[in-house]
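Working through the structure, step by step
Each chain, written out:
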Amino acid sequence: MTEPITTYKTSGNIEIIRADFPILSRKVNGKPLIYFDNGATSQKPKSVIDALDNYYSNQNANIHRGVHTLSQEITLDYENARTTIQKLLNAAYSHEIIFTKGTTDGINLVATSFGKRYVGLGDEIIVSAMEHHSNILPWQQLCDEKGAILKVIPINDAGELQLEEFKKLVNSKTKMVAISHVSNTLGTINPIKEIIKLAHAKNVPVLVDGAQAVPHTIVDVQELDCDFYCFSGHKLFGPTGIGILYGKEKWLNAMPPYQVGGGTIKTVSFEKTEYADPPLKFEAGTPHIAGAIGLAAAIDYVNAIGLNTIASYEYELLTYATEALQKIDGLKIIGTAKQKASVISFIVDGLHPFDIGTILDQLGIAVRTGHHCTQPLMARYGISGTVRVSFAFYNTKYEIDEFIEGLQRAIKMLK
Amino acid sequence: MSIEETEQEIVEEFELFDDWMGRYEHLIDLGKSLPLIDEKNKTNDKLIKGCQAQVWLHSDFKNGKIIYTADSDAIITKGMVALMIRVLTNHTPDEIINSKLDFVEKIGLIKHLSPTRSNGLVSMIKQMKLDAIAYKVKS
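Residues numbered from 1 in each chain as written. Chains lettered and ligands numbered in written order. Predicted model: local features only at pLDDT ≥ 70, side-chain atom pairs only at ≥ 80, totals over all residues. Heavy atoms only, no water.

Observations regarding the overall build of chain A
Within chain A one finds 14 helices and 17 strands. The C-alpha radius of gyration of chain A comes to 22 Å, within 12% of the 22 Å expected for a compact globule of 415 residues. Taken over the C-alpha atoms alone, chain A extends approximately 70 × 55 × 35 Å along its principal axes. By residue count, 57% of the 415 residues in chain A fall in the buried class. For chain A, restricting intrachain contacts to residue pairs at least 6 apart in sequence, the fraction spanning at least 24 positions comes to 71%. Summing over all exposed atoms, chain A offers an accessible surface of approximately 17000 Å²; the carbon and sulfur share of this is 51%. Here chain A carries 39 positive and 43 negative side-chain charges, and the mean point of each set is 4 Å from the other. (Helix = DSSP H or I, 4+ residues; strand = E, 2+ residues; numbered from the N terminus. Rg over C-alpha atoms; globule rule 2.2 N^0.38 Å. Buried < 20%, exposed > 50% of the residue type's maximum accessible area, 1.4 Å probe, protein only. Contact = heavy atoms within 4.5 Å. Areas by Shrake-Rupley, 256 points an atom, 1.4 Å probe, with all protein chains shown as cover. Lys, Arg positive; Asp, Glu negative; His and termini not counted. Charge placed at Lys NZ, Arg CZ, Asp CG, Glu CD.)

Here is the structure:
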């Protein structure tokens, strides 16, 4: 682990870290870029860009197939990437790590494959009121197909799950609990360990959408005892188009393949096909090899800083920005849970989030505006959208000051 | 005034501002000054759904010309809406159908016409032209 990240416009480690991210030195609309849309996607360090470049320049070959040197080398690297991810999540086995396109793909895989085998008429699936559409729609579709019922854990006004209500929802008909680790809109860190414990007490498996958690905190799937855990590479400073599904061995063995094709089989004849063991059973076709290599490079980068260091630094940014935002007249923060990741959603009286985002963009400040793919959550708060800022470890308090100043300017212009 | 003449007038108007802030402030003022749409026309079937900003568009056909009224819940979008109406309203269906509307690019607000899902403006122009086609067919 390196030294703690120094804060505020100093020339300490933060400047060294920022220098690793080429895009952070570019200008947008003539102003230095302030990138506060890390919840949507994160920026990439040079080491990740170099890994991608090196793959295509020096390593490109297909995996798992060739006897030739290039193929053997890249197969080894691809499988080493799997091991890197196994270690990141502390999974028991590397074959519990499946490469996907992203979190959405992982959830679709489980909803389809697990659903095919285990969900039937009158069964129930539980999600929460704060889920991203990606952790609602695959389950909703499954329920529609099977005649199953989607149940929703309510939240309180602060944006925290109501666990007492959850306890009432779990019953013998429940086949799956699908829940986000961290809310992309509110920043709430959900008590997933407790949820998993409660669900398991009724023999119900749990899928965790970890898209917003993995970049900010240590995840130990064995300690959590979750059955499935999904995340996206691009939110973890890696490439787009690559993601991870962790699944417990027993489930992956029991579930039918999701997509079938090259790479998923042991033997094929026109009469019968014998499928490969996990993970290959779930990785049909040539995978995103470069993505896997790039993701491993991203994890190496994050590990070099240390997720604990990152978490405490981002907490500092969160607190600093929250305090500053609270001082602005007419501004209301949506999502005030006690446990939060570095995500802040807010609205300003009488102003449309789109207008605020447009003016901030003119100032080189990238924020997210809209419903954040959580329309049911917006309906819960009776709003149509928010402005969302989400921080990464390369952001600074200086940038937050600039953002607050820009926001005040936008409010003045728009009112 | 022809559509092109109004477009040129707007371009010259925006040239008076030498920075983005002035242009946006002007756009916001235009949004604020947009005549209110008749509330009875602010219904769901008049709603052009963008991902973020909502735009309501209503049109009437009088003496061979189309009169547009509109509103938006976002003020910058409303400013763009006001510009579009100023350019297109009170023209014949043919004039509207054939308009190029390249003034948007010239006033340096090109992003608002990019086919993103962030606002309803592209859909609004499409709807204005579709209304014109409908009136042309009917007349």
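So much for the structure itself; the text now carries on.
Overview of helix α6 (residues 121–138) of chain B
Residues and elements named next belong to chain B. Counted at 1.5 Å a residue, the expected span for α6 with its 18 residues is 26 Å, and the 26 Å between its end C-alpha atoms agrees. Among all positions of α6, only Leu121, Met124, Ile125, Met128, Asp131, Ala132 and Tyr135 are buried. Buried residues of α6 fall within an arc of 120° about the axis and therefore sit on the same side. Along α6, exposed side chains directed more than 90 degrees from the buried face belong to Lys126 and Val137. (Expected span 1.5 Å × (residues − 1). Arc of directions from axis to C-beta.)

Concerning the sheet that holds strand β7 (residues 174–180) of chain A
All names here are of chain A. Ordered in space as β4-β10-β9-β8-β7-β5-β6, the seven strands form an open sheet in which the pairing is mixed. Of all the strands in the sheet, just β4 (97–100) and β6 (149–153) have a single pairing partner and so form its edges. If you compare each strand with its neighbour and ignore which way they point, the axes differ by 20° on average. Examined bridge by bridge, strand β5 (residues 124–128) and β6 share five bridges and lie parallel to one another. Residue valine 127 lies in a different strand from β6, and its bridge partner there is valine 152. (Pairing = 2+ DSSP bridges. Axes fitted to C-alpha atoms, helices over the stretch in contact; angles between N-to-C directions.)

Brief notes about the domain arrangement of chain A
All names here are of chain A. With domains assigned, chain A is organised as domain 1 (13–45 + 306–414) and domain 2 (49–303). Look at where the C-alpha atoms of domain 1 and domain 2 centre, and you get two points 28 Å apart. Across the contact, 43 residues belong to domain 1 and 35 residues belong to domain 2. The junction of domain 1 with domain 2 conceals about 3200 Å² of combined surface from both sides, 56% of it contributed by carbon and sulfur atoms. Across the domain 1-domain 2 interface, the total number found is two salt bridges. Here aspartate 157 and arginine 380 are joined by a salt bridge, their closest N and O atoms 2.9 Å apart. At the junction of domain 1 and domain 2, the tally comes to 31 residue pairs in polar contact (both at pLDDT 80 or more). With six residues, helix α13 (residues 375–381) is the single largest residue contributor to the side of domain 1 that touches domain 2. Of the residues that constitute the side of domain 1 that touches domain 2, the class distribution is 21 nonpolar, 15 polar and seven charged. (Domains from an automatic or database assignment. Buried area = accessible area lost by both parts, 1.4 Å probe. Salt bridge = Lys/Arg side-chain N within 4 Å of Asp/Glu carboxyl O. Polar contact = N/O pair within 3.5 Å; in protein donor to acceptor, adjacent residues only side chain to side chain. Nonpolar A, V, L, I, M, F, W, Y, C, P; charged D, E, K, R; others polar.)

A short note on the environment of aspartate 123 of chain A
Residues and elements named next belong to chain A. Secondary-structure assignment places aspartate 123 in the loop between α4 (103–118) and β5. In this structure the C-alpha to C-alpha distance between aspartate 123 and alanine 148, which are 25 residues apart in sequence, comes to 4.7 Å. In contact with aspartate 123, other than residues within four places in its own chain, are Tyr118, Ala148, Ile149, Lys173 and Lys175. At 2.7 Å, the side chain of aspartate 123 forms a polar contact with the backbone nitrogen of glycine 120.

Some points on the interface of chain B and chain A
Every contact between the two is made by 19 residues of chain B and, on the other side, 18 residues of chain A. Summing the contributions of chain B and of chain A, the shared interface buries around 1500 Å²; its carbon and sulfur component is 59%. The interface formed by chain B and chain A holds zero salt bridges in total. Joining chain B to chain A, the criterion identifies five residue pairs in polar contact (both at pLDDT 80 or more). When residues of the side of chain B that touches chain A are assigned to their parent elements, the largest contribution, six residues, is made by helix α2 (residues 20–33) of chain B. Here the side of chain B that touches chain A is composed, by residue class, of nine nonpolar, five polar and five charged.

Topic: the packing of α4 of chain A against helix α5 (residues 137–146) of chain A
Residues and elements named next belong to chain A. With their axes 9 Å apart at the nearest point, α4 and α5 run at an angle of 25° to one another. Taken as axis vectors, α4 and α5 run roughly parallel relative to one another. The hand of the α4/α5 crossing is right-handed. Judged by residue contacts, Ile107, Asn108, Val110, Ala111, Gly115 and Lys116 of α4 engage Pro138, Trp139, Leu142 and Lys146 from α5. Residue composition of the contact of α4 with α5, grouped by class: six nonpolar, two polar and two charged. (Parallel < 35°, antiparallel > 145°, perpendicular 65-115°, else oblique. Left-handed = near helix turned anticlockwise from the far one by under 90°.)

A short note on the environment of alanine 284 of chain A
Residues and elements named next belong to chain A. Along the chain, alanine 284 falls in the loop between β12 (273–275) and α10 (289–305). A relative accessible area of 26% means that alanine 284 is categorised as partly exposed. For the pair formed by alanine 284 and aspartate 401, sequence separation is 117 residues and the distance between their alpha carbons is 48 Å. If sequence neighbours within four positions are ignored, alanine 284 has contacts with Gln259, Val260, Gly261, Gly262 and Thr264.

Quick look at unusual backbone geometry
Residue and element names in this part refer to chain A. Here the bond from proline 278 into proline 279 is cis, since omega is 5°, no more than 30 degrees from zero. Phi at asparagine 90 is positive, roughly 50°, even though this residue is not glycine. In this structure, asparagine 90 sits in the loop between α3 (69–89) and β4. Backbone geometry places phenylalanine 237, a non-glycine residue, at a positive phi of 70°. Mapped onto the fold, phenylalanine 237 is located in the loop between β9 (228–232) and β10 (243–247). Looking at phenylalanine 237, the relative accessible area reads 2%, which means it is buried.

A short note on the pairing of strand β17 (residues 386–390) of chain A
All names here are of chain A. Burial runs high along β17: five of the five residues are buried. Every second residue of β17 is oriented toward a common face, with Thr386, Arg388 and Ser390 on one face and Val387 and Val389 on the other, all of them buried. Where strand β16 (residues 368–370) and β17 come together, three bridges link them in antiparallel fashion. Paired with threonine 369 across the two strands is valine 387, which belongs to β17.

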